[in-house]
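Per-entry structural report
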Amino acid sequence: MSVFIIRRLLQSLVVVFVMSLLVFFGVNVVGDPVDMLINPEMSQADIEATIRALGLDRPVHEQYWHFLTNALSGDLGKSFIFGEPALKLILQRMPATLELAFVSLLMSVAIGLPLGVYAGLNPESRVSRTIMAGSILGFSLPTFWVGLMLIMIFAVVLGWLPSTGRGDTVQVLGISVSFLTLNGLSHLLLPAFNLALTNISLVIRLSRAGTREVVHQDYVKFARAKGLSSNRIVFVHVMKNIMIPVVTVLGLEFGGLIAFSVVTETIFAWPGMGKLLIDSVQNLDRPVIVAYLLIIVLFFIVINLLVDLTYSLLDPRVRLQDVKA
Amino acid sequence: MTSVTDPTAAQPQKVPDPALLDAGAEERAAQQTPFRRFCRDFFASPVASVAFVVLCCILFIAVFAPWVSPTDPYDLAVVDVMDNRLPPGSTSFDGSVTYWLGTDGAGRDVLSAIFYGLRTSLFVGVASGLIALLIGSSVGLVSAYYGGRVDSLIMRIVDIQLSFPAILVALILLAALGQGVEKIIVALVVVQWAYYARTVRGTALVERRKEYVEAATCLALPSRRILFRHLLPNCLPPLIVVGTVQTASAIALEATLSFLGLGLPITEPSLGLLIANGFQYMMSLQYWISVFPGIALLITIVSINLVGDQLRDVLNPRLQQ
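Position numbers for residues start from 1 in each chain and track the written sequence from start to end. Each chain is given a letter, starting from A, and each ligand a number, starting from 1, according to the order in which they appear as written. Where totals are concerned, whole chains, interfaces and linings use all residues; where local detail is concerned, this predicted model gives features only for residues with pLDDT of at least 70, and gives and counts side-chain atom pairs only at 80 or more. Water and hydrogen atoms play no part in the side-chain values, which are based on all heavy atoms of the structure.

Things to note about the state of the cysteines
Residues and elements named next belong to chain B. Short version of the rule: Pairs of cysteine sulfur atoms within 2.5 Å are what we label disulfides. The buried label applies to any residue whose accessible area, calculated with a 1.4 Å probe on protein chains only, is under 20% of its type's maximum; exposed applies above 50%, and partly exposed to all values in between.
Within the structure shown, the criterion is met by zero disulfides over all chains. A disulfide-free cysteine, cysteine 218 has its sulfur positioned 20 Å from the sulfur of cysteine 235, the nearest such atom. Owing to a relative accessible area of 1%, cysteine 235 belongs among the buried residues under this scheme.

In structure tokens, the structure reads:
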């Protein structure tokens, strides 16, 4: 076990190193570093001073070292637009993104699981077929277009829900959250549903397949023979057993939600990290772009590490295989 | 351009195995070419047949967009700003053209813009798919054929790349590279190659242990010939299936990135860009500028996916008798 953890940690460190190299070369070698890191509104003397301050007159390996030590001490440059440290800006926006991702995760279980179990229990009924056809659509529909349609139907035509922003927020442990106020909740509903759409389809498919497998197991037959009510069989015996794959897959999908929130946040003007990235790209606010990329890469490496470690705890075959290889 | 979805591409390696057929079927098989059998299997599903026909129409429109479009939406001499944001079915200011799907904010015919947009979207999707297929399958073949350290290194890279979502990798690349047709193709190739590499490696590992590869090795044929003339043709069926699904997701990804303003420049309007342009008018209920390009995108993606699903069923040897 410890061998596996050490190997996996080393691998993550290598990936962090390679990614920092890629981001560094992306900014400093592919593009013009002066062009990328210096505010175009500066005077000539200021530009030369900044070049010296950033060490752009030194050789490349020294520059990389400089960049790496700065990044490790949390200094990723200042935003041109906001004049604040890029790292601070991103960390400020992180709770909004995480809130959106968590609510959409909950939503995909709350909507997907009942539909999937129903379709699994009555595989031939017309309702089930509609559910399954809908789940195919959920995979095929481009998320951003569905977002636009949701805004048009629920915000413009029906006027039921607001289409932009976060609404009223409440401070909980120093972090502002939307889901505790009614107004915030109404702002959260559309973007969270939009982000959840693919995962709802995924949960429907997983729980339908799981249910169809489980209902033929002996323990379900036994529970039925014992005279348990069908409600109890479904909610206790079936549901419990199909939750394992559902929870595993959703855990894996969490990273994808963070990545896809870039799209949803842009459509619904949700003030999270993803919208900050798109705004920064449009405003050529390069320090923020670099900082976002580094943070999101780090975030993913940590998620992947956690997923692998959890797997190795749950399934001994994973770590045995890896040690042998 | 059509080769990715062309079912005939699957045909060369599907020689019917006489041992699997009973006496009666053998007679029938004598009159059947593998291609005919493939067609019969493919068109057995009505849904897939419809999807195939729809896809052919879309490809036709995309290739011949300048000839089938009612107007040229990017010819400034024809586009009249007086015609801007007309609802579907209205006639132009001078009464010469009917805009069946309405016009956009600059007075362009939405139907014609969709035809031109399909052309751009499909070109980007298919071109990136083909390049990724070439690179990915070469890497996968090399990985499977040589094994050992080469294999574990390549597969480690593939694993790491696939652990990041496609949209994130594309976002990172485009944020660094900037806008442009060739840049988005590069980004889509980087996103896709790993899927092809993994698919080919998996199939090639099975094929490599078969007698015909052993025979070729005994004949002292060069590795390159064994790789590309013996192994690759036998890895094609799963590759074609992955290719169709990947092309559909590449088109969707390109549309998403263009919508975000990170993909194609405004001079190369794909469907995603058309949808983005219509977004601002949606609040005033001028729905057609965004909705119709979206439906075109949806039909394209769904039909490619349905054809891909059917190809998977038909090309899967386990599902055949």
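That was the structure; now back to the text.
Focus on the environment of glycine 184 of chain A
All names here are of chain A. Put simply, the rule is: The numbering of helices and of strands both runs from the N terminus, where a helix is a DSSP run of H or I of at least 4 residues and a strand a run of E of at least 2.
In this structure, glycine 184 sits in helix 8 (residues 182-214). We classify glycine 184 as buried; its relative accessible area is 0%. Taking the C-alpha atoms as reference points, glycine 184 and proline 162, separated by 22 residues in sequence, lie 9.8 Å from one another.

Some remarks on the domain arrangement of chain A
All names here are of chain A. For clarity, the threshold we go by: Just so you know, the domain bounds were taken from an automatic or database domain assignment. Working rule for contacts: check all heavy atoms of both residues, and any pair within 4.5 Å makes them a contact. Salt bridges are defined by distance alone: a side-chain nitrogen of Lys or Arg within 4 Å of a carboxyl oxygen of Asp or Glu. Gly is put with the polar residues, along with every residue not named as nonpolar or charged; the nonpolar set is Ala, Val, Leu, Ile, Met, Phe, Trp, Tyr, Cys and Pro, and the charged set is Asp, Glu, Lys and Arg.
Taken domain by domain, chain A comprises domain 1 (2-71) and domain 2 (93-324). With 16 residues of domain 1 in contact, the opposing surface of domain 2 contributes 15 residues. In this assembly, domain 1 and domain 2 are joined by zero salt bridges. Listing elements by their share of the side of domain 1 that touches domain 2, those giving two or more residues are helix 1 (2-30) and helix 2 (33-37). In terms of residue count, helix 1 provides more of the side of domain 1 that touches domain 2 than any other element does, 13 residues in total. Along the lines of polarity and charge, the residues of the side of domain 1 that touches domain 2 split into eleven nonpolar, two polar and three charged.

What to know about helix 3 (residues 46-63) of chain B
All names here are of chain B. As a reminder, the rule being used: Every helix has an expected span of 1.5 Å times one less than the residues it contains.
Compared with the 26 Å implied by 1.5 Å per residue over 18 residues, the 26 Å span of helix 3 between its first and last C-alpha is a close match. Residues of helix 3 that are buried include every one of Ala48, Ser49, Ala51, Phe52, Leu55, Ile58, Leu59, Ile61 and Ala62, and no others. Where helix 3 is buried, its residues touch helix 2 (34-42), helix 4 (65-68), helix 5 (110-146) and helix 13 (288-315).

A word on the environment of leucine 106 of chain A
With respect to the helices and strands, the residue leucine 106 of chain A is situated in helix 5 (residues 86-121). Remark: the alpha-carbon pair of leucine 106 of chain A and serine 178 of chain A, spanning 72 residues in sequence, is separated by 15 Å.

Structural notes on the interface of chain B and chain A
Stated precisely, the cut-off is as follows: Accessible area that two parts lose when put together, with a 1.4 Å probe and added across both, is what the buried area reports. Counted as a polar contact is a pair of N or O atoms within 3.5 Å, where, for protein atoms, one must be capable of donating a hydrogen and the other of accepting one, and residues adjacent in sequence contribute only when both atoms are in side chains.
Taken together, the contacts link 33 residues of chain B with 36 residues of chain A. Summed over both partners, the interface of chain B with chain A comes to about 3,000 Å²; 84% of that surface belongs to carbon and sulfur atoms. Looking only at chain B, the three residues that lose the most surface to chain A are Phe164, Leu260 and Met282 of chain B, adding up to 17% of its buried area. Linking chain B to chain A there are zero salt bridges. Here chain B and chain A share one residue pair in polar contact (both at pLDDT 80 or more) between them. Those elements that provide at least two residues to the side of chain B that touches chain A are helix 6 (148-162), helix 7 (166-177), helix 11 (236-259), helix 12 (271-282) and helix 13 of chain B. No other element matches the nine residues that helix 13 of chain B contributes to the side of chain B that touches chain A.

Focus on the packing of helix 6 (residues 126-140) of chain A against helix 8 of chain A
Residue and element names in this part refer to chain A. The test is simple: Lines fitted to C-alpha atoms define the axes here, with helix axes fitted over just the stretch in contact, and angles between the N-to-C directions of these axes take values from 0 to 180 degrees. For classification, angles of less than 35 degrees are called roughly parallel, those exceeding 145 degrees roughly antiparallel, those between 65 and 115 degrees roughly perpendicular, and all remaining angles oblique. Note: crossing handedness is left-handed where the near helix turns anticlockwise from the far helix by less than a right angle, and right-handed where it turns clockwise.
Packing of helix 6 against helix 8 leaves a shortest axis separation of 8 Å and a crossing angle of 140°. Between helix 6 and helix 8, the angle falls in the class oblique. Crossing of helix 6 against helix 8: the hand is left-handed. Counting all contacts with helix 6, which are made through Ile131, Met132, Ser135, Ile136, Gly138 and Phe139, the residues of helix 8 involved are Thr198, Ser201, Leu202, Ile204, Arg205 and Arg208. For the contact of helix 6 with helix 8, the per-class residue count stands at six nonpolar, four polar and two charged.

Side note on the packing of helix 5 of chain A against helix 11 (residues 273-283) of chain A
All names here are of chain A. Close contact between helix 5 and helix 11 brings their axes to 7 Å; oriented N to C, the two are set at 130°. On the basis of the axis angle, helix 5 is oblique to helix 11. Across from Leu89, Ile90, Arg93, Met94 and Thr97 in helix 5, the residues of helix 11 making contact are Met273, Gly274 and Leu276. Here the residues of the contact of helix 5 with helix 11 sort into five nonpolar, two polar and one charged.

Examining the packing of aromatic side chains
Residue and element names in this part refer to chain B. Operational definition: Here is the rule: rings of Phe, Tyr and Trp (six-membered ring for Trp) pair when centre to centre is within 6.5 Å. Planes less than 30 degrees apart are stacked, more than 60 are edge-to-face, and the remainder are tilted.
Applying the stated criterion to the full structure yields ten aromatic pairs over all chains. With centroids separated by 6.2 Å and ring planes inclined at 65°, the aromatic side chains of phenylalanine 64 and tryptophan 67 adopt a geometry described as edge-to-face. A relative accessible area of 35% places phenylalanine 64 in the partly exposed class. Judged by its relative accessible area of 66%, tryptophan 67 falls in the exposed class.

Considerations on the pattern of salt bridges
Residues and elements named next belong to chain B. Scanning all chains against the criterion turns up eight salt bridges over all chains. Here aspartate 151 makes a salt bridge to arginine 201, at a shortest N to O gap of 2.7 Å. In this pair, aspartate 151 is assigned in helix 6 and arginine 201 in helix 8 (residues 181-208), connecting sequence segments 50 residues apart. Judged by its relative accessible area of 21%, arginine 201 is partly exposed. A salt bridge links aspartate 159 to arginine 198, with the shortest nitrogen-to-oxygen separation between them at 2.3 Å. On the criterion of sequence distance, the pair formed by aspartate 159 in helix 6 and arginine 198 in helix 8 is long-range, its members being 39 residues apart. The partly exposed category is assigned to arginine 198, whose relative accessible area is 40%.

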